[in-house]
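What follows is the residue order along each chain.
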Amino acid sequence: MNTATKSGYITIIGRPNVGKSTLLNHCLDMKLSITSRKPQTTRHQLLGVLTRGSCQFMFLDTPGINAGRKRTGSSIERYMNRQALSTLNDVDVILFLVEGTGWRDGDATVLKHLAKTDLPVICVLTKVDRVRNKSQLLPLIEKVASKSKFQAIVPVAALRNEGLDMLLDAIESELEEGPHLFNADEVTDRSTSFLVGEMIREQVVRQLGAELPHRSTVLVERFEEAQDQTTIFASICIERDSQKRIVIGKGGSRLRSIGEAARHNIADFLGKSIDLRLHVRVRSGWTESHKHLAEFGYK
Ligand SMILES: Nc1nc2c(ncn2[C@@H]2O[C@H](COP(=O)(O)OP(=O)(O)OP(=O)(O)O)[C@@H](O)[C@H]2O)c(=O)[nH]1
Ligand SMILES: [Mg+2]
């Protein structure tokens, strides 16, 4: 009998909004990473562990890589690119995500970074449920194949759980024998407080207009445990006083709606009743200040 186990780190890389976090969540069959229709939703590296039979997949979800912002970008944008690119030095397999609806300039930017490594790269064509005529995928597969050497090119529709087993098989065949580093029931190394903060930020990103989400962050201050309920105190931090009324909304309606949706997801995740006390605070210039970035966990 062959009792050898396999394990390895797999980074999920691609331009913003290509479907990285959704792919991670559907591979894990749980909502670990936050997602939205807006680009630049993910800000931090996030480990998600899947143990399937004798193989342990240690996925790293990453922020979308942006082009040409090295000098002009804000501190937070540079932080996000670093979070993604730094994974390229430390993994066994790279998943390079491209939308099944077509190749874009942003994909070429990401591919340039991949050219610097000689790790195995699997190209994942995402959201193929949006491609009505599947024969349209063939020209894209040919185009992608002509750009670089990929171990495999795998179409998936993560939202419908299509293509995921094939993808996992392709990854597994690239991984070497090795011990499992996590227990089978462990999913991440991130703290509850980090995950709770992300679930609140997800609603900020989803419920506020285009600009504000990038100018705000969430600070989880403390948990108070009672017998049948946990009270969580957290703040949404913004840059300017004038943004306060947008976050709070008419008669507090927006803040209530953000809090209610986040509370629901947090209660689901923790499997217990939650009271969420949400405040809005102004920290001017936090996206530019190294001190504030560090305080908010952007190290
Ligand atoms: N139709 C369809 N939509 C998808 C699929 N996968 C992701 N999406 C949608 O694409 C949008 C972006 O998904 P995310 O998973 O947040 O993308 P991301 O690459 O993590 O984005 P950033 O973190 O901002 O870089 C969301 O609205 C998802 O619901 C899919 O398989 N099919
Ligand atoms: Mg994401």
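Residues numbered from 1 in each chain as written. Chains lettered and ligands numbered in written order. Predicted model: local features only at pLDDT ≥ 70, side-chain atom pairs only at ≥ 80, totals over all residues.

Caption draft 1: Broad picture of unusual backbone geometry. Unlike most non-glycine residues, Asn17 shows phi in positive territory, near 75 degrees. Of the residues examined, Asn17 has 19 C-beta atoms within 10 Å and is grouped as partly exposed. Unlike most non-glycine residues, Asp29 shows phi in positive territory, near 60 degrees. The residue Asp29 is located in the loop between helix H1 (20-28) and strand E2 (46-52) in this model. (Buried ≥ 20, exposed ≤ 12 C-beta atoms within 10 Å, placed from the backbone. Helix = DSSP H or I, 4+ residues; strand = E, 2+ residues; numbered from the N terminus.)

Caption draft 2: Region of interest: the sheet that holds strand E7 (residues 217-225). Spatially, 3 strands are ordered E7-E8-E9 in an open sheet, and the strand pairing comes out mixed. With partners counted over all chains shown, the strands left at the sheet margins are E7 and strand E9 (274-282), one partner each. When strand polarity is set aside, the average angle formed by the axes of neighbouring strands in this sheet is 20 degrees. Two strands pair when backbone bridges link them, and E7 and strand E8 (residues 230-238) are joined in this way by 8 bridges, in the antiparallel orientation. Pairing of Glu224 across the sheet is with Thr231, part of E8. Helix-sheet contacts for helix H6 (residues 192-207) involve E7 and E8, and the interaxial angle to E7 is about 130 degrees. (Pairing = 2+ DSSP bridges. Axes fitted to C-alpha atoms, helices over the stretch in contact; angles between N-to-C directions. Contact = placed C-beta atoms within 7 Å.)

Caption draft 3: Spatial organisation of the site of ligand 1. Surveying the vicinity of ligand 1 reveals 24 residues, the closest of which are Ser21, Thr22, Thr35, Thr42 and Gly64. Ranked by the residues each element gives to the shell around ligand 1, the list is headed by H1, at 3 residues. Per-class residue counts for the shell around ligand 1 are 7 nonpolar, 12 polar and 5 charged. (Near = placed C-beta within 6 Å. Nonpolar A, V, L, I, M, F, W, Y, C, P; charged D, E, K, R; others polar.)

Caption draft 4: Local environment of the domain arrangement of the protein. Domain boundaries in the protein define domain 1 (6-172) and domain 2 (192-295). Between domain 1 and domain 2, the contact holds 9 residues from the first and 13 residues from the second. Here the residues of the side of domain 1 that touches domain 2 are counted per class, giving 3 nonpolar, 5 polar and 1 charged. (Domains from an automatic or database assignment.)

Caption draft 5: Focus on the packing of H6 against helix H8 (residues 253-270). Orientation of H6 relative to H8, taken along the N-to-C sense of each, is 140 degrees, at an axis distance of 9 Å. On the basis of their axis angle, the class for H6 and H8 is oblique. Both H6 and H8 take part in a crossing whose hand is right-handed. Between H6 and H8, the residues in contact are Leu195, Val196, Met199, Ile200, Gln203, Val204 and Gln207 and Arg254, Ser257, Ile258, Ala261, Ala262, Asn265, Ile266 and Phe269, respectively. (Parallel < 35°, antiparallel > 145°, perpendicular 65-115°, else oblique. Left-handed = near helix turned anticlockwise from the far one by under 90°.)

Caption draft 6: Just the pairing of strand E4 (residues 93-99), in detail. Burial analysis of E4 places 7 of its 7 residues in the buried class, the great majority of the element. What you see with E4 is no split at all: Val93, Leu95, Leu97 and Glu99 on one side and Ile94, Phe96 and Val98 on the other are buried throughout. Bridge analysis of strand E1 (residues 6-14) against E4 gives 5 bridges, and the strand direction is parallel. Directly across from Ile12, in E4, lies its bridge partner Leu95. Looking at chain direction, E4 and strand E5 (residues 121-126) are connected through 6 bridges and run parallel. Residue pairing in the sheet places Leu97 in a bridge with Val124 of E5. Running through helix H3 (residues 105-114), the crossover from E4 to the neighbouring parallel element E5 is right-handed. (Right-handed = clockwise from strand over helix to strand, strands pointing away.)

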